[in-house]
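# Fold and contact review
What follows is each chain in one-letter form.
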Amino acid sequence: GAAAMLTAFVVAVVIGPAVIRTLRRLKIGDVPEFFNEDVNRLMAMKGQTPTMGGVIILAGIFVGTLLWAQLGNFYVDMGLFCLVWLGLLGMADDYLKLTSARRGGGRDGLKSWEKMVFQIGLGVVLAYYIFKHGQANWPAGESGYFNHLIVPFYKHGLTLPFWAFTVISVLVITGTSNAVNLTDGM
C-alpha cells in the first residue's frame, strides 16, 4: 500500500507542473462563482485557476494501482472502474463548463441531477456486481461477509438483502463523490 501511495505521489509531482503549464498555456481556467457574495470575495484570488487538474490525481492513482495492485482481483478492478467512471464524469463536467460560452449557455457544466444520475448509476452497477461476486464466492448456505453490515454496539451485525446492500452502496458512492467534488470546488 505504501509503495502505491508513494508512486502516486511521485507521478503527481512529476507530471503536475507540466500539466498545469499546459492548462495555463491553453487558457483552460475557471473563475469560481458561488451563491454567496462573501465566499465569492474570498475566492476572487482563484480567478483563472486551471481546471481539469484532477487528471493529475487520477493519473497518479491509476499508475500506482497498475504498478502495485493485484490486477485481476475483483475489488481492484471495481476500484479502477469507479475511478475511470467518476473521472470521465468530472472531465465531461469541466469540458461543458469550458465550452459553455460557445454553446450559448451559462458557466455551468453538468446539472446537479445529471451528476446524481451518473453517480447513482455507478452505485447500482457496483452494488450488483459486488453482491453477485460475493454470492458466487461464498459457500452455499452460509452467511457471507460481503453483505454484512457491522453496527456499533451490536455484536452480530446485520446481513443485508440485495436491495439494502444497493441502497447503502449508492449512498456511500454518491456521498463520497459529492464530498470530494464540494471540497475540490472550495
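Described below are features of the structure shown in this document. Since the model is a prediction, treat every value here as computed from it, not as a measurement. (Residues numbered from 1 in each chain as written. Predicted model: local features only at pLDDT ≥ 70, side-chain atom pairs only at ≥ 80, totals over all residues. Heavy atoms only, no water.)

### Regarding the overall build of the protein
- A tally of regular secondary structure across the protein gives seven helices and four strands.
- The secondary structure elements of the protein, listed N-terminal to C-terminal, are α-β-α-β-α-α-α-α-β-β-α.
- Counting the 186 residues in the protein, one finds 26% classified as buried.
- Taking contacts inside the protein between residues at least 6 apart in sequence as the whole, the part at least 24 apart equals 57%. (Helix = DSSP H or I, 4+ residues; strand = E, 2+ residues; numbered from the N terminus. Buried < 20%, exposed > 50% of the residue type's maximum accessible area, 1.4 Å probe, protein only. Contact = heavy atoms within 4.5 Å.)

### Focus on the packing of helix H1 (residues 2–25) against helix H3 (residues 54–68)
- Look at H1 against H3: their axes get within 8 Å of each other, and the N-to-C directions meet at 145 degrees. Considering how the two elements wind past one another, H1 and H3 form a crossing that is right-handed. Contacts between H1 and H3 pair Ala3, Ala4, Thr7, Ala8, Val11, Ala12, Ile15, Gly16, Val19 and Ile20 from the former with Val55, Ile56, Ala59, Gly60, Ile61, Val63, Gly64, Leu67 and Trp68 from the latter. (Axes fitted to C-alpha atoms, helices over the stretch in contact; angles between N-to-C directions. Left-handed = near helix turned anticlockwise from the far one by under 90°.)

### With respect to the packing of aromatic side chains
- Within the structure shown, the criterion is met by seven aromatic pairs.
- Their ring planes at 65 degrees and their centres at 5.5 Å tell us that phenylalanine 81 and tryptophan 85 sit as a pair that is edge-to-face. Highlighted residues: phenylalanine 81 and tryptophan 85, both in helix H4 (residues 74–98), separated by four residues, approximately one helical turn.
- For phenylalanine 81, a relative accessible area of 34% translates into the label partly exposed. (Phe/Tyr/Trp six-rings, centres within 6.5 Å; stacked < 30°, edge-to-face > 60°.)

### With respect to the pattern of salt bridges
- As enumerated under the stated definition, the model contains two salt bridges in all.
- Between aspartate 93 and lysine 115 there is a salt bridge whose closest N-O contact spans 3.4 Å. Taken as a pair, aspartate 93 in helix H4 and lysine 115 in helix H6 (residues 112–136) lie far apart in primary sequence, 22 residues in all.
- Exposure remark for aspartate 93: the relative accessible area of 6% places this residue in the buried category. (Salt bridge = Lys/Arg side-chain N within 4 Å of Asp/Glu carboxyl O.)

### Considering the environment of isoleucine 173
- As for its position among the elements, isoleucine 173 is in helix H7 (residues 162–185).
- A relative accessible area of 15% places isoleucine 173 in the buried class.
- For the pair isoleucine 173 and alanine 127, spaced 46 residues apart in sequence, the C-alpha to C-alpha distance is 10.0 Å.
- Discounting chain neighbours no more than four positions away, the residues touching isoleucine 173 are Gln119, Leu122, Gly123 and Leu126.

### So, the side chain of threonine 7
- Inspection of the secondary structure assignment puts threonine 7 in helix H1.
- Exposure remark for threonine 7: the relative accessible area of 15% places this residue in the buried category.
- Polar side-chain contacts of threonine 7 include one of 2.7 Å to the backbone oxygen of alanine 3.
- Within the structure, the side chain of threonine 7 is placed 2.7 Å from the side chain of tryptophan 68, a separation counted as a polar contact.
- Ignoring sequence-local partners within four residues, the contact set of threonine 7 consists of Val63, Gly64, Leu67 and Trp68. (Polar contact = N/O pair within 3.5 Å; in protein donor to acceptor, adjacent residues only side chain to side chain.)

### Describing a nonpolar patch on the surface
- A contiguous nonpolar surface patch, about 510 Å² in accessible area, is contributed by Phe62, Leu66, Leu71, Val84, Leu88 and Met91.
- When contributions to the nonpolar patch are tallied by element, the ones reaching two or more residues are H3 and H4.
- Looking at where phenylalanine 62 falls in the secondary structure, it is placed in helix H3.
- Note on phenylalanine 62: relative accessible area 32%, which makes it partly exposed. (Patch = residues over 30% accessible without salt bridge, like charges linked within 9 Å, V, L, I, M, F, W, Y side chains within 5 Å. Areas by Shrake-Rupley, 256 points an atom, 1.4 Å probe, with all protein chains shown as cover.)

This is a description of form; function is not addressed.
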